[in-house]
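Listed here are the chains, written in short residue letters.
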2 protein chains.
Amino acid sequence: MAEEQITAQGRELDEELLMDLLERREVEAFREEFLSHHPYDQSVFYVKADPDVRQLLYQYLSPDEMADIYEAIELDDDQYEAYFREMNANYAADLLADMYTDDAVDILNELNKEQVVSYLTIMDREAAQKIKDLLHYEEYTAGSIMTTEFVAIPKNSTVRSAMNILRNAAPDAETIYYVFVIDEEKRLSGIITLRDLIIADEDTLISSIMNERVVSVSVSEDQEEVARMIRDYDFLALPVVDFQHHLLGIITVDDVIDVIEEEASDDYSKLAAVSNMETFDRGPLTAAKKRLPWLVLLLFLGMITANLMGLFEETLDQVALLAVFIPLIAGMAGNSGTQALAVAVRGIATGDIEEESKLKLLAREAGTGLITGLACATVVILLVYFWKGDLLIGLLVGAAIFSSIFVATLAGSFIPLLIHRMKIDPAVASGPFITTLNDIISIVIYLGLATLFLGDL
Amino acid sequence: MAEEQITAQGRELDEELLMDLLERREVEAFREEFLSHHPYDQSVFYVKADPDVRQLLYQYLSPDEMADIYEAIELDDDQYEAYFREMNANYAADLLADMYTDDAVDILNELNKEQVVSYLTIMDREAAQKIKDLLHYEEYTAGSIMTTEFVAIPKNSTVRSAMNILRNAAPDAETIYYVFVIDEEKRLSGIITLRDLIIADEDTLISSIMNERVVSVSVSEDQEEVARMIRDYDFLALPVVDFQHHLLGIITVDDVIDVIEEEASDDYSKLAAVSNMETFDRGPLTAAKKRLPWLVLLLFLGMITANLMGLFEETLDQVALLAVFIPLIAGMAGNSGTQALAVAVRGIATGDIEEESKLKLLAREAGTGLITGLACATVVILLVYFWKGDLLIGLLVGAAIFSSIFVATLAGSFIPLLIHRMKIDPAVASGPFITTLNDIISIVIYLGLATLFLGDL
């Protein structure tokens, strides 16, 4: 929460004015104008600026002021390295030391080893130690997103002494609205909100008014689960403990918003087979590099489809009309499979599926596939009959659509469940994969049926 | 933030014990056990229970206790009506009056008119008036998600009197961590955090320490923009004002998390052509009902593809091998189009695209389509050549893949931009639509080229 910057001068800063002040090297006027804005808006200006303008910013702004910008900045993971390379190493080390530890660690995780070692060596020892303590937590765990800047008070304090501790901690702590109560061994034993504290009598003992049933998460807990808890319980912060219940850190709601956005955007990207979501300031070459691996992979899968169709070349040769319905049948299989996939992936992501038996879900999807398959088959038989006047082809296409939709719906829900069971993120079973798989299945069904009834066509 | 329930007894409650206590009608023991849990966990039990068990809950829990449950509950929009129908109208009205106004309004928006009128009539006048004031704000605006339970203090108060106001408001306000400062005309003129208040001297005037550059949103602002601001600025709450800057309400971070999840899940569902995301406790018939409209619509679009292919029946009749590559070409067009679509839709959703010129984006996508198209075409020419030993067919398929990918990539980014320009949610241009459109384009290109060079095949 970065000392809660609650002010900002509208959403946009006056770029022209700022650039003008920079060009005329009016340091004081620039600082006054620039620093009056919210750090997020400052970060937008900083990211948009040319490298030589950024050099001026490094001169005009203290590492501490730049740290506020980096608390709020939105950069792609692979952009941090270049930005930090622009800075003098001492400046960069001071900047990182001035940030909340969790945010500093997030950045260090994106830099190369050499940079990390150099900054941690230059940095003052205390700050470096705090960072090193967090650096060894695995990515995507509670430990990796927690911060160590929290307020803890001993169980035997009074409200008065607790308020004094709070007043002293206020400038540095990430949040002072939740106060964590610890026992002599630094184990988490309760929680109290600032709301409760300000209405309590000053001489009351904390232990008599604190909430003892405090919800906490283990350092190794998955960050998605943490996000889920903060969302469900509407917490502002959640304490993180080790296996002996020692209080190690806290996770605040603002960090969790980023996790939620990241995970949702990740699922979305994978459904569309775009590996990491691209940003918009990149050239076509960078975009192509991100998309091509998926496209080429899908191309090879598509060649399998073509190969399989090759087996039916003779059938196609005899009744060319058959080919006309291939995109329709493959398309319908792809569409229904993607629907089932999306429902299953989101269900796994939100945790709803854990609560229900997998078998029940599959049975439900089988039922859904049956109903949608029958409905679509009926429509298509009528359409083909009235368009081509050919009932037999209609029945053939209808049968193919029915079985394709049924199989595709089942596959669309079965595959993510299977992958999830194998402890792999189910979102990797992206839309295009399911679609290509369903292409293959549906074409084999269709042309197989056609070959079987070839004599009648 | 619902009075900040910061306690909870693990994530799971002991269902067996609770059911047992209910069956033995041990009201007090049940209440003690049940109410010791977090309202979210209570809500899970309540939703899972059979209707006759829920009747017991309505007897054993006060409307106020049930209101806490409804603050935390996760129901589909169309489920509220049935749940409220189970309750006695007086109970329901009291429940709604005991909720935070914004949450009560969210529920009333899902009930039918008759229910709304009945509850508002029974309810005590003050509560009913508060709800009516919020009910007329349009859905998806700041007004529709704001609450009126905030703490406002006059500009000329001292820190001491402000703290007294806060202590009195603490039990009812949604947050007391941000305190809003108003002038004589109730216009928003500043903001101060509880953090600042507790470290300030008691005799200080609020006007001398408040932050005057307070960020606020208009009641009619889009909720996505509100979510964006709270996320970017890491606020706990954001004030909502009318055009004369009168303070009308606040939006808290927990409401915004729901908006972010809702919007992300909405975009995701539409990419997969599942209208509203289904939940998992529904039968196959309900699921089929939600998916069928999309499938039938796509079926009709697919028939257009089939019709167009019918035009080339003669060509297909002469060279059956051509049909073999149709799913591959259509698939590649679909895949690259979906990639471009996902990037554009997310870009619009996160607001990144507003900042950049649309033309630049399209130029970039054209470049990306060119590169990916060329790369895939090269791969496919080699594959077909080595597989079929036929360079001409290889070149034909390659040319078709190149132009299909190029056109599909452009269409995938152009269409959502166009729809967005027309003030429609770009996510409605779902994956399957783009895919079907690209089917048509790619098949016409492929078979068109083939017909042109038919003599040489």
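In this text, all values refer to a predicted model and were calculated from it rather than measured experimentally.

Asks: Got a sec to walk through the interface of chain A and chain B? Specific residues and values, please.
Replies: Each partner contributes residues to the interface: chain A has 126 residues there, and chain B has 127 residues. Connecting chain A to chain B are 4 salt bridges. We note a salt bridge from B:Glu74 to A:Arg231, for which the minimum N-O separation is 3.7 Å. In this structure, the connection of chain A to chain B is made through 24 residue pairs in polar contact (both at pLDDT 80 or more). Looking at side-chain class alone, the side of chain A that touches chain B contains 73 nonpolar, 25 polar and 28 charged residues.

Asks: Let's hear about the UniProt feature "transmembrane region" (unreviewed entry) in chain A: which residues, and what values?
Replies: All names here are of chain A. Per the UniProt record, "transmembrane region" (unreviewed entry) is annotated on residues 292–312, 318–345, 366–387, 393–419 and 431–454. Taken end to end, residues 292–312 is 90% helix and 0% strand, and its first and last C-alpha atoms sit 30 Å apart. Across residues 393–419 one finds 100% helix and 0% strand; the C-alpha atoms that close the span lie 38 Å apart.

Asks: Describe in detail the packing of helix α3 (residues 39–48) of chain B against helix α4 (residues 51–60) of chain B, supporting the description with residues and values.
Replies: Residue and element names in this part refer to chain B. Between α3 and α4, whose axes approach to 8 Å, the crossing angle comes to 135°. As judged from the angle between their axes, α3 and α4 are oblique. Here Phe45, Tyr46 and Val47 of α3 come into contact with α4, specifically with Arg54, Leu57 and Tyr58. Here the residues of the contact of α3 with α4 sort into 5 nonpolar, no polar and 1 charged.

Asks: So what's going on with the nonpolar core? Residues and values would help.
Replies: Within the largest apolar cluster, 190 residues are counted, with the highest numbers of intra-cluster contacts made by A:Tyr70, A:Phe84, B:Tyr70 and B:Phe84. Excluding residues that lie within four positions of it along the chain, A:Phe84 makes contacts with A:Tyr70, A:Ala92, A:Leu95, A:Leu96, A:Ile107, A:Leu111, A:Gln115 and A:Tyr119. Membership of the second largest hydrophobic core comes to 68 residues, among which are A:Met303, A:Ala400, B:Val319 and B:Met332.

Asks: Any chance you could break down a negative patch on the surface for me, citing the residues and the numbers?
Replies: All names here are of chain A. Residues Asp64, Asp94, Asp98, Asp124 and Glu126 make up a contiguous surface patch of negative charge. Within the secondary structure, aspartate 124 sits in the loop between α9 (113–122) and α10 (125–135). Judged by relative accessible area, which is 46%, aspartate 124 ranks as partly exposed.

Asks: Any details on the domain arrangement of chain A? Residues and values, ideally.
Replies: Taken domain by domain, chain A comprises domain 1 (15–137), domain 2 (152–260) and domain 3 (284–456). The straight-line distance from the C-alpha centre of domain 1 of chain A to that of domain 3 of chain A is 49 Å.

Asks: I'd like a rundown of the relation of the copies chain A and chain B, residues and numbers included.
Replies: Rotating chain A by 180° about the axis while translating it 0.0 Å along that axis superimposes it on chain B, leaving an RMSD of 0.1 Å. Taken together, the rotation and translation describe the operation of a two-fold axis. Take the interface residues of chain A: 100% of them recur as interface residues in chain B, which is what a same-surface contact looks like.

Rules behind the numbers
- Residues numbered from 1 in each chain as written.
- Chains lettered and ligands numbered in written order.
- Predicted model: local features only at pLDDT ≥ 70, side-chain atom pairs only at ≥ 80, totals over all residues.
- Heavy atoms only, no water.
- Contact = heavy atoms within 4.5 Å.
- Salt bridge = Lys/Arg side-chain N within 4 Å of Asp/Glu carboxyl O.
- Polar contact = N/O pair within 3.5 Å; in protein donor to acceptor, adjacent residues only side chain to side chain.
- Nonpolar A, V, L, I, M, F, W, Y, C, P; charged D, E, K, R; others polar.
- UniProt positions renumbered as here; feature names shortened; annotations may be inferred.
- Helix = DSSP H or I, 4+ residues; strand = E, 2+ residues; numbered from the N terminus.
- Axes fitted to C-alpha atoms, helices over the stretch in contact; angles between N-to-C directions.
- Parallel < 35°, antiparallel > 145°, perpendicular 65-115°, else oblique.
- Core = buried A, V, L, I, M, F, W, Y, C linked by side-chain atoms within 4.5 Å.
- Buried < 20%, exposed > 50% of the residue type's maximum accessible area, 1.4 Å probe, protein only.
- Patch = residues over 30% accessible without salt bridge, like charges linked within 9 Å, V, L, I, M, F, W, Y side chains within 5 Å.
- Areas by Shrake-Rupley, 256 points an atom, 1.4 Å probe, with all protein chains shown as cover.
- Lys, Arg positive; Asp, Glu negative; His and termini not counted.
- Charge placed at Lys NZ, Arg CZ, Asp CG, Glu CD.
- Domains from an automatic or database assignment.
- Least-squares fit on C-alpha atoms with pLDDT ≥ 70 in both.

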